[in-house]
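Commentary on secondary and tertiary structure
One-letter residues, chain by chain:
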Amino acid sequence: MVQLVGSLRKELADSLYTCKVLVVGAGGIGCELLKNLVLTGFKNIEVIDLDTIDVSNLNRQFLFQKKHVGKSKAQVAKESVLQFCPSANITAYHDSIMNPDYNVEFFRKFMLVMNALDNRAARNHVNRMCLAADIPLIESGTAGYLGQVTVIKKGLTECYECQPKPAQKTFPGCTIRNTPSEPIHCIVWAKYLFNQLFGEEDADQEVSPDTADPEAAWNPEEAAARASASEKDGDIKRVSTKAWARSSGYDPIKLFNKFFKDDIMYLLTMDKLWKKRKAPTPLDWKQLEDKAAPEEESPATGLKDQQVLGLWSCCQLFKHSVETLSSDLQEKGDKAELVWDKDDPAAMDFVTSAANLRMHIFSMNMKSRFDVKSMAGNIIPAIATTNAVIAGLIVLEGLKILSGELESCRTIFLNKCPNVRKKLLVPCVLDPPSKNCYVCVSKPEVTVKLNVHKTTVLSLQDRILKERFGMVAPDVQIEDGKGTILISSEEGETEANNNKYLSDFGIRNGSRLQSDDFLQDYTLLINVLHTEELERDVEFEVVGEAPDKAPPPPSNQEETNSITNGNKDSAQPSTSSKAPSDDDDLMIVDSDEEEVAPSSSAAASGATKRKHSDRESGESSTKRPRTDPPAAAGDEDDDIIALD
């Protein structure tokens, strides 16, 4: 007779008592997951999250209360969960999982890792660390009403990076105010600034530095000295941004120095923010005006909207747009508000200039007006119930792994609408590793097409190795028989190479580069394919990839139905039962998985497979056609803002 402890077999219950698990992320999914883990019987849990609690989190992250605003999510989540189970042994880290301290040996301490993350870079990193440590990983994410859970095990299943993904279209909202790391963060910040100055003010759209961030501890005396400029053109502790702007007469130079100089100087006083990040560089209007080069204003070739403006041109565009918008606001009378519209030239000029100035401050490549307009869009709300369902599924998959039943694990999708079998939960068999994956194969290798005479070493490092291939601290050696070091992760060793072209080092068509990331225990061999025929504004191409194309529908299935369950990149998801054949946002393909669906997945018996947008990034995976095509599901936590 099977001996039970609660609803679990005694052997499994004992395993939960002794095993150690890692939860990465303590946001919407993470809060629900931590609660579920201790109530299920897990006793040894470590949780890590770099974020702090914001008022906007309280409607769905139920381990947090108003009194916790500004505190570490990981630490408060630990304290709240211990009220459910005081005997649990929980360790909380207020830190980034990409910190070098959390190396392969750190990951090997755990029997299981569970992701509840909100950005692709961190997902890629945890994926690689779990592969290096040979530890099972449960990946998850939500996007509105859509959710997904999958299991990743080295050598047995696809890893998170087995299928290529298009450019990321979503972002975590927690970094907008203090530490933007992508252009999209700056674009959203600029939209928030528009509303704070000219539109309807929203406390959740604050643009000033987040002074309650516990991570950003600083010396008070030093802070006062370095932020003294903020007392001149406006107090950083202002109650209303719009009121302050009106009192200054919407002086564009005062606004410029406030948001791009004084606020940035204030951010610099938060010393801990910049220990492992590149610090921002404040801008001063007078200095920029004195240094403005006449040639910068010379007419450029190509379409105007597709030109990337220089720094001083952005300053002038900011000034002109503020003058135009303030005049429009004045014409509407007191208490009037403007509504941001991407088709309004003045509003679009403001967001383009403000976003680009912030990109420059945080050392990002600036974008054209066309690019900024294409990325600006609508916010998709987070759904607490979706997080709860996905967190429950994570635990169910974890129980299978700890029971030694990895073969019964499934990728499970949560749909907004029932599929053709009237199921909301759809289990799919896990796919084996892709032979073309540049991460989990035994000897990762890729071919990159680029122009060696135009590609700089810095572009290779930042755009290709870090941004495209997800490395954190790459070291690059040229396979030229001499072992020439092109890029070193040691600060200062190869900085002199940054602005040189690859051809300056003898790199040509057919050259091979070996890139090592020792933190990730990852080596990638890069074959260089020189070309002078890349499309305009395209720096490089990875040969063999076409991630923006959807797979063709299977031709050998008689009962194939395309069902739109909602697109998180749309302001209003579709609720129709059938989608046009050319709608690639979400593809549902009927399958026979129902017969082998695990009983622990409750209602998840009717199985379909789907390809739809990635949770945080609005990305979709390209997969080969097959009778049961796997899905690259929405893998994003709820703390995101999705953009059209």
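The model shown is predicted, which means the values in this text are computed figures rather than measured ones.

The number of helices and strands found in the chain is 15 helices and 20 strands. The contacts of the chain with a sequence gap of at least 6 include a subset with a gap of at least 24, amounting to 69%. Carbon and sulfur atoms make up 49% of the accessible area of the chain, which totals about 28700 Å².

In space, the eight strands of this open sheet follow the order β5-β4-β3-β6-β7-β8-β10-β11, with mixed pairing throughout. With partners counted over all chains shown, the strands left at the sheet margins are β5 (89–93) and β11 (425–429), one partner each. Neighbour-to-neighbour, the strand axes of this sheet turn through a mean angle of 15°, independent of strand direction. Pairing geometry for strand β4 (residues 44–48) and β5, over five bridges, is parallel. Pairing of Ile48 across the sheet is with Tyr93, part of β5.

It is worth spelling out a negative patch on the surface at this point. The grouping of Glu200, Glu201, Asp202 and Glu337 at the surface amounts to a negative patch. Within the secondary structure layout, Glu337 lies in the loop between α11 (311–332) and α12 (345–361). Exposure remark for Glu337: the relative accessible area of 41% places this residue in the partly exposed category.

Let's shift gears to the side chain of Thr157. Tracing the chain through its elements places Thr157 in the loop between β8 (146–152) and β9 (170–172). A polar contact is formed between the side chain of Thr157 and the backbone oxygen of Val151, at a distance of 3.4 Å. Not counting residues up to four positions away in its chain, the partners in contact with Thr157 are Val151, Ile152, Leu430, Asp431, Pro432 and Pro433.

Of all residues in the chain, 75% have pLDDT values of 70 or greater, and the mean over the chain is 78. Throughout residues 217–239 the model reports pLDDT below 50, and contacts reaching past four residues in sequence, or to other chains, amount to 43 contacts. Scored below 50 in pLDDT, residues 546–644 shows 326 contacts in the model against residues more than four places distant or in partner chains.

Our next topic: the packing of aromatic side chains. With the rule as written, the count across this model stands at 19 aromatic pairs. When the ring of Phe256 is compared with that of Trp285, the centres are 5.1 Å apart and the planes differ by 80°; the resulting orientation is edge-to-face. Of this pair, Phe256 sits in helix α9 (residues 252–268) while Trp285 sits in helix α10 (residues 285–291); the two residues are 29 residues apart in sequence, bridging distant segments of the chain. Look at Phe256 and you get buried, because its relative accessible area is 0%. Classification of Trp285 as buried rests on a relative accessible area of 5%. Between Trp285 and Trp312 the ring centres are 5.1 Å apart and the planes differ by 55°, which places this aromatic pair in the tilted class. Here Trp312 lies in helix α11 and Trp285 lies in helix α10, a separation of 27 residues in the sequence. Counting every residue linked through ring pairs, the aromatic cluster contains Trp189, Phe194, Phe198, Tyr250, Phe256, Phe260, Trp285, Trp312, Phe318 and Phe350.

Turning our attention to the sheet that holds strand β15 (residues 512–517). Taken in spatial order, the six strands line up as β14-β13-β15-β16-β12-β17 in an open sheet, and their pairing is mixed. Here the strands that pair on one side only, and so sit at the sheet edges, are β14 (484–487) and β17 (540–542). This sheet shows a mean twist of 30° between the axes of neighbouring strands, independent of strand direction. Examined bridge by bridge, β15 and strand β16 (residues 522–530) share six bridges and lie antiparallel to one another. Across the sheet, residue Leu513 finds its bridge partner in β16, namely Ile526. Sheet strands in contact with helix α15 (residues 457–468) are β12 (445–450), β13 (475–478), β14, β15, β16 and β17, and its direction is about 70° off that of β14.

The next thing to look at is the nonpolar core. Counting residues in each nonpolar core, the largest one holds 56 residues, and the members touching the most others are Phe198, Phe260 and Phe350. For this core, the secondary structure elements donating two or more residues are α6 (183–197), α8 (241–247), α9, α10, α11 and α12. Core analysis: the next-biggest nonpolar cluster, separate from the first, contains 51 residues, Val24, Cys130, Ile135 and Cys162 among them.

As a further point, take the pattern of salt bridges. Following the criterion strictly, the structure yields 20 salt bridges and no others. With its nearest N and O atoms 2.8 Å apart, the salt bridge here joins Asp263 to Lys258. Across the pair, exposure class does not vary: Asp263 and Lys258 are buried alike. A salt bridge links Asp349 to Arg369; the nearest nitrogen and oxygen atoms lie 2.9 Å apart. Taken together, the residues Asp349 in helix α12 and Arg369 in helix α13 (residues 369–375) connect sequence positions 20 residues apart.

We now examine unusual backbone geometry. Residue Asp134 is not a glycine yet carries a positive backbone phi of 55°. Asp134 gets classed as partly exposed once you look at its relative accessible area, which sits at 39%.

Following the sequence through the fold, Asn257 ends up in helix α9. Classification of Asn257 as buried rests on a relative accessible area of 11%.

The next thing to look at is the environment of Ser374. Here Ser374 shows up in helix α13. Using a relative accessible area of 41% as the deciding quantity, one classes Ser374 as partly exposed. With 32 residues separating them in the primary sequence, Ser374 and Lys342 have C-alpha atoms 9.1 Å apart.

Take Arg60: it is sitting in the loop between β4 and α3 (73–82). Polar contacts involving the side chain of Arg60 include one to the side chain of Asn59, which spans 2.8 Å.

The rules behind these values
- Residues numbered from 1 in each chain as written.
- Predicted model: local features only at pLDDT ≥ 70, side-chain atom pairs only at ≥ 80, totals over all residues.
- Heavy atoms only, no water.
- Helix = DSSP H or I, 4+ residues; strand = E, 2+ residues; numbered from the N terminus.
- Contact = heavy atoms within 4.5 Å.
- Areas by Shrake-Rupley, 256 points an atom, 1.4 Å probe, with all protein chains shown as cover.
- Pairing = 2+ DSSP bridges.
- Axes fitted to C-alpha atoms, helices over the stretch in contact; angles between N-to-C directions.
- Patch = residues over 30% accessible without salt bridge, like charges linked within 9 Å, V, L, I, M, F, W, Y side chains within 5 Å.
- Salt bridge = Lys/Arg side-chain N within 4 Å of Asp/Glu carboxyl O.
- Lys, Arg positive; Asp, Glu negative; His and termini not counted.
- Charge placed at Lys NZ, Arg CZ, Asp CG, Glu CD.
- Buried < 20%, exposed > 50% of the residue type's maximum accessible area, 1.4 Å probe, protein only.
- Polar contact = N/O pair within 3.5 Å; in protein donor to acceptor, adjacent residues only side chain to side chain.
- pLDDT = per-residue confidence, 0-100.
- Phe/Tyr/Trp six-rings, centres within 6.5 Å; stacked < 30°, edge-to-face > 60°.
- Core = buried A, V, L, I, M, F, W, Y, C linked by side-chain atoms within 4.5 Å.

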